[in-house]
Amino acid sequence: MMRMAFRAQTVVVDVAIAALAFLCAYLLSPSALPDLGFDGRSSLNIIQLTAIYAAFAAVFTTLFRGELSPWRYASIPDALVIGRIAALTAVLFLLAVWVLDRASTLPRSALAMAAVFHVTGCLGLRVLRRAIHERALVKVAPIRSKTGTQAPALLLIGPPALADTYLRDAARAHDRRYTPVGIIGLDLRDVGQQVRGVCILESLDRLDEALVDLRRWNRYPRAVLFLDEPSKIKGLSPDHLGRFKAEGVRMLRLPSIVDLRHHEGVALMPLRDVSVEELLAREPIELDAAPLAALIRGRRVLITGAGGSIGGELARQVASFDCAHLTLVDSSESALFAIEREVAETYPGVSRTAVLCDVRHAGRLQGHFAAQTPDLVFHAAALKHVSMVERHPCEGVLTNVIGTWNVAEAARLCGAAQMVLISTDKAVDPTNVMGATKRLAEAVIQAQQTNGGKTRFAAVRFGNVLGSAGSVVPIFKSQIERGGPVTLTHPEMTRFFMTIPEAVQLVLHATAASAEDRDAQARLFILDMGQPVRIMDLARQMIALSGRTLGQDIEIEVTGLRPGEKLTETLLDEDEQATPCAPKVMQVVSNSAVGITPGHLQTLEALAEQADAEGVRTALFDLVGQVRGQRPGGAPRLKVVAGG
C-alpha cells in the first residue's frame, strides 16, 4: 500500500509540474490573452487549457510508468521517457484544442515553451533529488572520516566506465573509508578528463609518472583498487605490484559474481584484498551460469573431501545455486568443522549435513549414502601430494583407488543420478604412485558404469590449482616470507595452472554436459587450462610481487627432480583423443579397453592392508599397464579433434 501511495504521489507531482509548465508558458507567450473564464465566452480559457494539458500529461505519465523510476537513480533513459511524455502530451493537446475551438485561444509559442518547461521541471526535480542522495551538493573536498581525519588515499585502476560505477555507488552509500585521489585509465585519450570530480591522471603505461606526481602532491595512495580483474589489466607488471606490496599499499578489488550472491540489497559491496593467485593467473574463464543453476537447483548433492581446497569450493558454489540439501563428507574433523561453519554462515538457508567418515570404510559410507540419498556425488577426497604418496604407496592405494570404488559403489546402490571423480593430469602416462592411483581411479569409474544401474559416472581431469593446499604457490609464498631460498626441482619444469573457483566452475560445466548422456561408457573430461607455465617464471613473479629483488634479497635454488616427478605434464595420453563438448571442456575418447575388475582391486587392497609397499607398487603399475593397453613407451602426444 505504501508503495502504491508513493507511485500515486509521484504521478501527482509530475502532473502538477506539467500544469505549471503550461501555465507559465501561456502567461509568458507574447500573444497570450489571459482569460480566466469568468466572462462567459465560449472559447477555451486558460484554466480549461491547463486542465486539458494536465490530463494528457497524467495519461502518458501513467501509461509510460514513469513513476516507477526512483528519482534518486535518475538517468539518461529517464530523461528520454520524460521527453517522450512531454512530446506526446503536446501533440495530443494540440489536436484536442483544435477540435474544440480551432486553437483560437492558444498562443503559437506557448505549446513549444510548455513542452520545454515540462521536461525541464520533471527532469530538474529528479536531478536535484539524485544530487541530494549522492551528496553532490556538498562542497567538493577530500572525504573525511567521522573523527575529522582525512581518509586514506585511494587510486583507481581501470576503465572510466567502471570508475564511474564505483564512485557513484560509493557516494550513494556515503562510503568514507577512502579518498579517491585519481584514476589510472587504460586509454591515453582519456587522460585529463574527470569522472565524478576525480581526474584521470595517466594511462596505465605511465603509471610510474603518476605515482611520482602523487607523491609530490602528498597524495600517494595507501590503497589501490582494481576496477577489473587484475589479470585483465595489461601492462601492470609484477614490479609495480611488488612496489605496492613493499610500501604497504593495499591492493583491493571489487567483489566477484559469487560474492554478490551473498550481499543482495547492499548499496556498496565490501572491497576485498587481491590474492597472489589472482595476480599470477591468466585471464580468467567466464562461462554462463545458467547450465549450472539448472544442474544443481533443487537437487541433493554430496561432496567427499569437502574440507579440502577443491571440495570446499565445490561446496560453496553448489550452495550458491540453491541445492535442496548439501552433504559434506570428510575424514578430517577440523577441515569438516571449518567448511560446515563457513557454509552455515554464508548460506544459512541451505539445508546441510556434515558426515565425518573415511572413504576407505565401505560399509559406513554406504550407510551414509543411503541416509542422505544424494542426486549428485562429487568425489574430491584423495591423497594428492606426489612425494608423500611416493613414500606411502599403500595409503595412496587405499584412499585413491579403493576409496573411489567405495564411493562409486555407494552412489550406485543409493540410486544417485550422477557421480563425478576429480582426477589429475598426473594420471596421464603416470611415472609416480600418485598418478598411477588416479589413473586406476578413472578405470574404477569406467568399470562401475558397466555394472548396471541408473547412475551416470564421469571423471574430470585437470592440472595444478593455484592456492590449493600443497600447491607450489603457497610453498613459494612461505619460503619468500622466511627470506628464502625459493626451491624448485628443475629450471625448465612447466605445469598447467588455474584458480580454484575456475577449476570448480569447469567441473560443474562438465557435469552438466554429461547429465543427459546415456552412453554405455563413463565419460572422461579434460579442462582447457591454457598454456603451461614455467615454474621458474612463476618463482620470479612471486618474488617481484613480494617487493623483494631476486639476487639481492632472495635467491632461487634448484634441487633436482624428485622420484617420480615429471618435467612436463600433459592432459592426454597418446592413445587418447579430445573433442569439444562444452565451452572450455573437452571429452576424452580412449582407444584402450578398461581391464580392471573387482578381483584386481581385492588383490591390491590386500597388499596395501599388509603394508607391502613394494608389492603394492609392482601390482599398481602392472594394473596401470593393463588399463592403458600395454603399448610401447614414449612421450605422449596431444590429439585434439575438431568439432564437437
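Residues numbered from 1 in each chain as written. Predicted model: local features only at pLDDT ≥ 70, side-chain atom pairs only at ≥ 80, totals over all residues. Heavy atoms only, no water.

Trainee: Sorry, what's going on with the overall build of the protein here?
Mentor: The helix and strand inventory of the protein stands at 21 helices and 22 strands. Looking at the protein as a whole, 48% of its 644 residues are labelled buried. Summarising the internal contacts of the protein: among those between residues at least 6 apart in sequence, 77% fall at separations of at least 24. For the protein, the computed accessible surface area is about 29,900 Å², with 57% contributed by carbon and sulfur atoms. (Helix = DSSP H or I, 4+ residues; strand = E, 2+ residues; numbered from the N terminus. Buried < 20%, exposed > 50% of the residue type's maximum accessible area, 1.4 Å probe, protein only. Contact = heavy atoms within 4.5 Å. Areas by Shrake-Rupley, 256 points an atom, 1.4 Å probe, with all protein chains shown as cover.)

Trainee: What should I look at first to understand the sheet that holds strand E8 (residues 300–304) in this one?
Mentor: Strands belonging to one sheet form pairs held by backbone hydrogen bonds; the direction of such a pair is parallel or antiparallel. Strand order in the open sheet formed by nine strands is E10-E9-E8-E11-E12-E13-E18-E22-E21, with mixed pairing between adjacent strands. Two strands lie at the open edges of the sheet, namely strand E10 (352–356) and strand E21 (576–582), each paired on one side alone. On average, adjacent strands in this sheet sit at an angle of 25 degrees to one another, irrespective of strand direction. On the sheet, helix H18 (residues 500–513) packs against strand E11 (376–379), strand E12 (418–424), strand E13 (456–462), strand E18 (523–527), E21 and strand E22 (585–590) and is oriented at approximately 145 degrees with respect to E18. (Pairing = 2+ DSSP bridges. Axes fitted to C-alpha atoms, helices over the stretch in contact; angles between N-to-C directions.)

Trainee: Sorry if this is basic, but what is going on with the packing of helix H2 (residues 46–63) against helix H3 (residues 76–101) here?
Mentor: When two helices pack together, their arrangement is given by the angle between the helix axes and by the axis-to-axis distance. Put simply, H2 and H3 touch, their axes get as near as 9 Å, and they point 140 degrees apart. The orientation of H2 relative to H3 falls into the category oblique. When you trace H2 past H3, the crossing you get is right-handed. Here H2 contributes Leu49, Ile52, Tyr53, Phe56, Ala57, Phe60 and Thr61 to the contact with H3, which in turn contributes Ile85, Ala86, Leu88, Thr89, Ala90, Leu92, Phe93, Ala96, Val97 and Leu100. (Parallel < 35°, antiparallel > 145°, perpendicular 65-115°, else oblique. Left-handed = near helix turned anticlockwise from the far one by under 90°.)

Trainee: In this structure, what is going on with the packing of aromatic side chains? I would like to understand it.
Mentor: The relation between two aromatic rings is expressed through the spacing of the ring centres and the mutual angle of the planes. Applying the stated criterion to the full structure yields four aromatic pairs. Residues phenylalanine 22 and tyrosine 26 carry aromatic rings whose centres are separated by 6.1 Å and whose planes lie at 40 degrees to one another, so their mutual orientation is tilted. One end of the pair is phenylalanine 22 and the other is tyrosine 26, both in helix H1 (residues 2–28) and four residues apart, which spans about a single turn. Exposure class is identical for phenylalanine 22 and tyrosine 26. Each is buried. Centroid distance phenylalanine 22 to tyrosine 53: 5.3 Å. Interplanar angle 25 degrees. Geometry classified as stacked. One end of the pair, phenylalanine 22, is in helix H1; the other, tyrosine 53, is in helix H2, with 31 residues separating them in the sequence. The pair phenylalanine 22 / tyrosine 53 is uniform in exposure class, with both members buried. Within the aromatic cluster, the residues linked to one another by ring pairs are Phe22, Tyr26, Tyr53 and Phe93. When the ring centre of tyrosine 220 is taken as origin, the NZ or CZ atom of arginine 215, which lies over that ring, is 3.9 Å away. (Phe/Tyr/Trp six-rings, centres within 6.5 Å; stacked < 30°, edge-to-face > 60°. Lys NZ or Arg CZ within 6 Å of the ring centre and 35° of its normal.)

Trainee: How should the packing of helix H11 (residues 309–320) against H18 be read in this particular structure?
Mentor: Following both chains from N to C, one finds H11 and H18 inclined at 65 degrees, their axes separated by 9 Å at the closest point. Our classification of the angle between H11 and H18 gives roughly perpendicular. In this structure, H11 meets H18 at a crossing whose hand is right-handed. Residues Ser309, Ile310, Glu313, Leu314, Gln317 and Val318 of H11 lie in contact with H18, whose contacting residues are Ile500, Pro501, Val504, Gln505 and Leu508. For the contact of H11 with H18, the per-class residue count stands at seven nonpolar, three polar and one charged. (Nonpolar A, V, L, I, M, F, W, Y, C, P; charged D, E, K, R; others polar.)

Trainee: Explain the nonpolar core here, please?
Mentor: Within soluble globular proteins, side chains that are nonpolar tend to cluster in buried spots. Counting 71 residues, the largest nonpolar core has Ile296, Val301, Leu326, Phe378 and Phe462 as its most contacted members. Broken down by element, the residue count for this core peaks at seven residues, all from H18. In this structure, valine 301 is in contact with Ile296, Val318, Cys323, His325, Leu326, Thr327, Leu376 and Phe378, ignoring residues within four places of it in sequence. Counting 25 residues, the second-largest nonpolar core is a separate cluster that includes Cys394, Ala436, Leu607 and Ala619. (Core = buried A, V, L, I, M, F, W, Y, C linked by side-chain atoms within 4.5 Å.)

Trainee: Teacher, can you tell me more about the pairing of E13 here?
Mentor: The element E13 is extensively covered by neighbouring structure, given that seven of its seven residues are classed as buried. Here E13 shows a buried face lined by Arg456, Ala458, Val460 and Phe462 and a second buried face lined by Phe457, Ala459 and Arg461. Bridging between E12 and E13 involves seven bridges; their strand directions are parallel. For leucine 421, the partnering residue across the bridge sits in E13 and is alanine 459. Read from E12 through helix H16 (residues 433–449) to E13, the crossover connection turns out right-handed. (Right-handed = clockwise from strand over helix to strand, strands pointing away.)

Trainee: Please clarify how unusual backbone geometry should be interpreted in this entry.
Mentor: Most peptide bonds are trans, and most residues other than glycine sit at a negative phi. Cis geometry is found at the peptide bond from glycine 484 to proline 485, where omega equals 0 degrees. Mapped onto the elements, proline 485 comes out in the loop between helix H17 (472–481) and strand E15 (486–488). One non-glycine residue, threonine 373, lies in positive phi territory at about 45 degrees.

Trainee: Just checking my understanding: could you explain the environment of alanine 210 for this structure?
Mentor: Mapped onto the secondary structure, alanine 210 falls in helix H6 (residues 207–216). Judged by its relative accessible area of 3%, alanine 210 falls in the buried class. If we ignore the near neighbours within four places in the chain, the residues touching alanine 210 are Ile184, Leu201 and Glu202.

Trainee: Looking at this model, I keep getting lost on the pairing of strand E4 (residues 198–203). Mind explaining?
Mentor: Residues in a regular strand point their side chains to alternate faces of the sheet. For E4, a buried count of five out of six residues is recorded, marking the element as mostly surrounded by other parts of the structure. In terms of strand pairing, strand E2 (residues 179–185) meets E4 through three bridges, oriented parallel. Opposite isoleucine 184, over in E4, you have glutamate 202 as the bridge partner. Looking at chain direction, strand E3 (residues 194–195) and E4 are connected through two bridges and run antiparallel. Residue pairing for E4: valine 195 is matched across the bridge by valine 198. Where E3 folds back on E4, the antiparallel hairpin that results is connected by two residues, among which arginine 196 adopts a positive phi of roughly 55 degrees.

Trainee: Before we go on, may I ask you to explain the side chain of aspartate 330 in this structure?
Mentor: Of note, aspartate 330 is situated in strand E9 (residues 325–330). An unpaired buried charge is present at aspartate 330: no salt bridge exists, and lysine 384, the closest side chain of opposite charge, is 10 Å distant. A polar atom in the side chain of aspartate 330 sits 3.4 Å from the backbone nitrogen of alanine 306. Within the structure, the side chain of aspartate 330 is placed 2.8 Å from the backbone nitrogen of serine 332, a separation counted as a polar contact. Discounting residues that sit within four places of it in the chain, aspartate 330 has contacts with Gly305, Ala306, Gly307, Gly308, Leu336, Val355, Leu356 and Cys357. (Lys, Arg positive; Asp, Glu negative; His and termini not counted. Salt bridge = Lys/Arg side-chain N within 4 Å of Asp/Glu carboxyl O. Polar contact = N/O pair within 3.5 Å; in protein donor to acceptor, adjacent residues only side chain to side chain.)

Trainee: Could you clarify how one ought to interpret the pattern of salt bridges in this entry?
Mentor: Oppositely charged side chains can form a pair if their charged atoms are brought close together. Scanning the model with the defined rule gives 17 salt bridges in all. With a shortest N-O distance of 2.7 Å, glutamate 442 and arginine 461 are connected by a salt bridge. With glutamate 442 in helix H16 and arginine 461 in strand E13, this pair connects stretches of sequence that are 19 residues apart. With respect to burial, glutamate 442 and arginine 461 carry one shared label: buried. Of the charged contacts, one joins arginine 534 and aspartate 537 as a salt bridge, the two residues approaching to 2.8 Å between their closest N and O atoms. When its relative accessible area of 25% is taken as the criterion, arginine 534 is described as partly exposed. When its relative accessible area of 31% is taken as the criterion, aspartate 537 is described as partly exposed.

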